[in-house]
Amino acid sequence: MLNKIWTIFKRDVKVNFREVMPLYIMLAPLMLAIGINLITPGINDTTVNIALIEGENPAQEQCLNEFAHVETFPGEAEVLSRVKERDSLIGILPGDNGYYILAQGNEPESVVEYAKLLNVFFESGVDIENSKASIVEFGETVPPVKKMLVNILLLMIPMLSGMLITLNIVEEKADKTISAINLSPTSRTAFILGKSLTGMMISLVTTVVCILITGFYNVNILLLLLVAAASTVLAMTIGFIQGINNDDVMEAVGSMKLVFLPLAGSVAGYELLSGGWQAFFWWSPFYWSYRANNIILGKEGSAGELLLYTAIIAAICITAYALMLPRIKKGLQ
Amino acid sequence: MISVKGLYHSYSKDDKYAVKNVSFEIPKGEIFGFLGPSGAGKSTTQGILTGLLSLQKGDVSVAGYDIKQIKQEMFNKIGMSFEQSNVYSKLTALENLKFYSRLFDVPTRDPKELIELVGLRGKENIRVGEFSKGMKHRLTFARSMINNPEMWFLDEPTTGLDPAIAANIKDIIREQNNKGITVFLTTHNMYIADELCDRVAFIIDGEIKLIDSPKNLKLRYGKRIVDVEYIDGSAKKKGSFSTVEQKDRDALASILHSKEILTMHTKEATLEEIFIKVTGRGLGVSEAS
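Cut-offs and rules
- Residues numbered from 1 in each chain as written.
- Chains lettered and ligands numbered in written order.
- Predicted model: local features only at pLDDT ≥ 70, side-chain atom pairs only at ≥ 80, totals over all residues.
- Heavy atoms only, no water.
- Helix = DSSP H or I, 4+ residues; strand = E, 2+ residues; numbered from the N terminus.
- Rg over C-alpha atoms; globule rule 2.2 N^0.38 Å.
- Buried < 20%, exposed > 50% of the residue type's maximum accessible area, 1.4 Å probe, protein only.
- Domains from an automatic or database assignment.
- Pairing = 2+ DSSP bridges.
- Axes fitted to C-alpha atoms, helices over the stretch in contact; angles between N-to-C directions.
- Contact = heavy atoms within 4.5 Å.
- Expected span 1.5 Å × (residues − 1).
- Arc of directions from axis to C-beta.
- Polar contact = N/O pair within 3.5 Å; in protein donor to acceptor, adjacent residues only side chain to side chain.
- Salt bridge = Lys/Arg side-chain N within 4 Å of Asp/Glu carboxyl O.
- Phe/Tyr/Trp six-rings, centres within 6.5 Å; stacked < 30°, edge-to-face > 60°.
- Core = buried A, V, L, I, M, F, W, Y, C linked by side-chain atoms within 4.5 Å.
- Buried area = accessible area lost by both parts, 1.4 Å probe.
- Nonpolar A, V, L, I, M, F, W, Y, C, P; charged D, E, K, R; others polar.
- Parallel < 35°, antiparallel > 145°, perpendicular 65-115°, else oblique.
- Left-handed = near helix turned anticlockwise from the far one by under 90°.
- Patch = residues over 30% accessible without salt bridge, like charges linked within 9 Å, V, L, I, M, F, W, Y side chains within 5 Å.
- Areas by Shrake-Rupley, 256 points an atom, 1.4 Å probe, with all protein chains shown as cover.

Enquirer: Requested: an account of the overall build of chain A, with residues and values cited.
Expert: When its secondary structure is counted, chain A shows 13 helices and four strands. Over its C-alpha atoms chain A spans a radius of gyration of 27 Å, topping by over 25% the 20 Å that the globule rule assigns to 333 residues. With respect to the three principal axes, the spread of C-alpha positions in chain A is 90 × 40 × 35 Å. Here chain A holds 333 residues, and 47% of them are scored as buried.

Enquirer: Residue-level account of the domain arrangement of chain A, with values.
Expert: The assigned domain composition of chain A is domain 1 (2-40 + 142-331) and domain 2 (44-130). Computed from C-alpha coordinates alone, the two centres of domain 1 of chain A and domain 2 of chain A are separated by 48 Å.

Enquirer: Report on the sheet that holds strand E12 (residues 235-242) of chain B, specifying residues and quantitative values.
Expert: Two pairing modes exist for strands in a sheet, parallel and antiparallel, and in both the strands are linked by backbone hydrogen bonds. All names here are of chain B. Taking strand neighbours across the sheet as the criterion, the three strands line up as E12-E11-E13 in an open arrangement whose pairing is antiparallel. The open sheet has two edge strands, E12 and strand E13 (260-266), and neither has a second partner. Recorded for the sheet is a direction-independent mean angle of 15° between the axes of neighbouring strands. Lying on the sheet, helix H8 (residues 246-258) is in contact with strand E11 (225-232), E12 and E13; it crosses E12 at an angle near 145°.

Enquirer: Break down helix H11 (residues 260-272) of chain A for me, with residues and values.
Expert: Residues and elements named next belong to chain A. Here H11 contains 13 residues, and its C-alpha end-to-end distance of 18 Å stays within 8% of the 18 Å for a straight helix at 1.5 Å per residue. Every buried residue of H11 is accounted for by Leu-263, Ser-266, Val-267 and Gly-269. For H11, the angular spread of buried residues about the axis comes to 160°, placing them on one side. Across H11 from its buried face, at more than 90 degrees, point the exposed residues Leu-261 and Leu-272. At its buried positions, H11 is contacted by helix H6 (144-175) and helix H12 (285-297).

Enquirer: Talk me through the environment of Thr-206 of chain A; I want residue IDs and the actual numbers.
Expert: Residue and element names in this part refer to chain A. Here Thr-206 lies in helix H8 (residues 188-213). Note on Thr-206: relative accessible area 10%, which makes it buried. A polar side-chain atom of Thr-206 sits 2.5 Å from the main-chain carbonyl oxygen of Ile-202.

Enquirer: Summarise the pattern of salt bridges; cite the residues concerned and give the values.
Expert: Counted according to the given criterion, the structure contains 21 salt bridges over all chains. Where Arg-11 of chain A meets Glu-172 of chain A, a salt bridge forms, and the shortest distance between an N and an O atom there is 3.9 Å. With Arg-11 of chain A in helix H1 (residues 2-18) and Glu-172 of chain A in helix H6, this residue pair connects regions lying 161 residues apart in the sequence. Of the residues examined, Arg-11 of chain A reaches a relative accessible area of 4% and is grouped as buried. Here Arg-174 of chain B makes a salt bridge to Asp-171 of chain B, at a shortest N to O gap of 3.1 Å. With Arg-174 of chain B and Asp-171 of chain B both in helix H5 (residues 163-178), this residue pair falls three residues apart, about one helical turn. Taking relative accessible area as the criterion, Arg-174 of chain B reaches 31% and is therefore assigned partly exposed.

Enquirer: If you had to explain the packing of aromatic side chains to someone new, which residues and values would you point to?
Expert: Summed over the entire model, instances satisfying the criterion amount to 18 aromatic pairs over all chains. Where Trp-277 of chain A meets Phe-280 of chain A, the ring centres are 5.5 Å apart and the plane angle is 20°; that geometry is what we call stacked. Across this residue pair, the class does not change: Trp-277 of chain A and Phe-280 of chain A are exposed. Relative to Phe-184 of chain B, the ring of Phe-24 of chain B has its centre 6.0 Å away and its plane inclined at 25°; by these criteria the two rings are stacked. With Phe-24 of chain B in strand E2 (residues 19-26) and Phe-184 of chain B in strand E8 (residues 182-187), this pair connects stretches of sequence that are 160 residues apart. For Phe-184 of chain B, a relative accessible area of 0% gives the class buried.

Enquirer: Quick one: what's the story with the sheet that holds strand E9 (residues 199-204) of chain B, residue by residue and with numbers?
Expert: Residue and element names in this part refer to chain B. The strand order across the open sheet formed by six strands is E6-E7-E8-E3-E9-E10, and the pairing between neighbours is mixed. Every interior strand has two partners, whereas the edge strands, strand E6 (78-81) and strand E10 (207-212), have only one. Averaged over all pairs of adjacent strands, the angle between strand axes in this sheet comes to 15°, irrespective of strand direction. Sheet topology note: the E6/strand E7 (residues 151-155) ladder contains four bridges and is parallel.

Enquirer: Residues and numbers for H8 of chain B, please.
Expert: All names here are of chain B. With 13 residues, H8 should reach 18 Å at 1.5 Å per residue; the first-to-last C-alpha distance of 18 Å fits that figure. Residues of H8 that are buried include every one of Asp-248, Leu-252 and Ile-255, and no others. Down the axis of H8, the buried side of the element spans an arc of 60°, and every buried residue falls inside it. Projecting away from the buried face of H8 at angles above 90 degrees are the exposed residues Lys-247 and His-257. Where H8 is buried, its residues meet E11, E12 and E13.

Enquirer: Report on the nonpolar core, specifying residues and quantitative values.
Expert: In terms of nonpolar packing, the biggest core is built from 142 residues, with Ile-2, Phe-24, Val-62, Phe-184 and Phe-202 of chain B touching the most fellow members. Apart from residues no more than four positions distant in its own chain, Ile-2 of chain B is found in contact with Phe-24, Glu-25, Ile-26, Leu-49, Ser-61, Val-62, Met-151, Phe-153 and Phe-184 of chain B. Within the second largest apolar cluster, 15 residues are counted, among which are Cys-63, Leu-64, Phe-67 and Val-70 of chain A.

Enquirer: Got a sec to walk through the interface of chain A and chain B? Specific residues and values, please.
Expert: Counting residues at the interface gives 23 residues for chain A, matched by 26 residues for chain B. Where chain A abuts chain B, roughly 2400 Å² becomes buried across the two surfaces, and 61% of that area is made up of carbon and sulfur atoms. Of all residues in chain A, the largest losses of buried area upon contact with chain B belong to Arg-18, Leu-183 and Pro-185 of chain A, amounting jointly to 29% of the total for that side. For the interface between chain A and chain B, the tally reads four salt bridges. Of the charged contacts in the structure, one is a salt bridge between Lys-14 of chain A and Glu-95 of chain B, with a shortest N-O distance of 3.6 Å. Between chain A and chain B we count 10 residue pairs in polar contact (both at pLDDT 80 or more) in total. For the side of chain A that touches chain B, the elements supplying multiple residues, two or more each, are H1, H6 and helix H7 (178-182) of chain A. Residues of the side of chain A that touches chain B, tallied by class, amount to six nonpolar, eight polar and nine charged.

Enquirer: Describe the packing of H11 of chain A against H12 of chain A, and please don't skip the residues or the numbers.
Expert: All names here are of chain A. Look at H11 against H12: their axes get within 8 Å of each other, and the N-to-C directions meet at 55°. Looking at the two axes, H11 sits oblique to H12. Seen from above, H11 lies across H12 with right-handed handedness. Across the interface between the two elements, Pro-262, Leu-263, Ser-266, Val-267, Tyr-270 and Glu-271 of H11 pack against Phe-286, Tyr-287, Tyr-290, Arg-291 and Asn-294 of H12.

Enquirer: Would you mind going over a nonpolar patch on the surface in detail, with residue names and values included?
Expert: Residue and element names in this part refer to chain A. A contiguous nonpolar surface patch, about 300 Å² in accessible area, is contributed by Leu-117, Val-120, Phe-121 and Val-126. With respect to the secondary-structure elements, Val-126 resides in the loop between helix H5 (109-124) and H6. For Val-126, a relative accessible area of 34% translates into the label partly exposed.

Below, the structure written as structure tokens:
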């Protein structure tokens, strides 16, 4: 049976790599991961950029370099030109009464204030050693926006894998090949498992690649995969049902898109609603997946908490799978 | 090889039967033709025999397996060539056969050999989506032999094929039958049935009207008459002569001796004519092969 499951899996993977639509579905998460990297800064990129005149005041340049990213230019005109570019870069230039701050005017106020503060520190001769404050932090190492976007991406990946199963079933129906499979010593269970393996493997591999692309190298990838696997069971169930109910690729993908509604609702519910209202989303495996991923990506929570969430996701998804299995088997007759 | 007793099937699960009280036996090594017009119950019967449709009422065994409780291993012994080709259009011909061969638990035939056998040599690495209807049909036919079946179900195996390729397919069927393979041939094409089948069953409105060999049927239902066209003096004449009545036999002998014969045909009945005579209905579709 394992050999037959593997054969069905290999066929589906081969076909998925030959067609535009499945290929697009497989590449979409990777492109989104790259997009997240481009639109959200990394933790080290949140510094202020300052432009100075080269060699005008080496001591100032050395001091500011400790707190900001400093670029130097040959003269005032070049600094002026650089400041006018689209990004937020503040110029600190010598004037008649000491240094003045040069900005476009549309920079975040905090950036301008930070540049002013750094200049005051330099002029007053204040150093980090002068501070008596000790640092107390929450341990956040990742920008919250990036973590949220990556989390949403991780929720989407199993759904896209479900779409691949839908496309594979629709292809089998269009080619009328299911009857040929039914006349081979391959059980429907083996057929379903072979198709499921395709969805599961693509989901897990894409999850790992997206995590690496977005730079979350130090998170517990095994736990992330556990959550992804549990969510993929639901995606596979929906994928099979949509495949059985639709004869046209575009119709099938269109129906599958509706699944993104509870996904978006669950994310919004978790992020926007207060604790008491969150109970309304306990039915949704997306809610628990988002919650579990949030903990994993932020390197928070205990293993017990994570296992509890994963168990809840698995329980909901496996129940849905078990309830739908007879319908799936009948549909494949 | 196949035993069917009192088979009934209703799609609506009431007394509107698509197949009623169908019974027949097919011994090992026979080519059995199941003939009837569209909607007669051929596909339903074949669907039950192959396990694609569930058995509702009756006793059916195929290749020694009771169809009531189908075991997966039964499919190692049967092959099925579908009327509508059903191969993966996104895989090549070779990939299709290799994929299917891996689904069986018994030694399978070399896919390349099968591709060559059905005249698709040189096309093995072309995606089936680019194949013509006839090429797809031949690939479906080739696939049905991949597991060396003991019981071979053929549903309209020559439909849509040009005469030369159809002749090739018929040769393959004969060749396989000579190796001892039992064939269940479903068709409405009386010519192929006449050429290939050891016995035929006429099915109409879900009931079998008759089972016999084509030869016996022709003897039973054919007119023993010879039509002759000849020249008598300067006139062209036609005559029909019984091959049984002595008076007609003498007259025919006289014409053969003294006249110039233009054409002469025996009036042996075709299977199609016999079918119409027995069932009172036509086959709906007739095609040359």
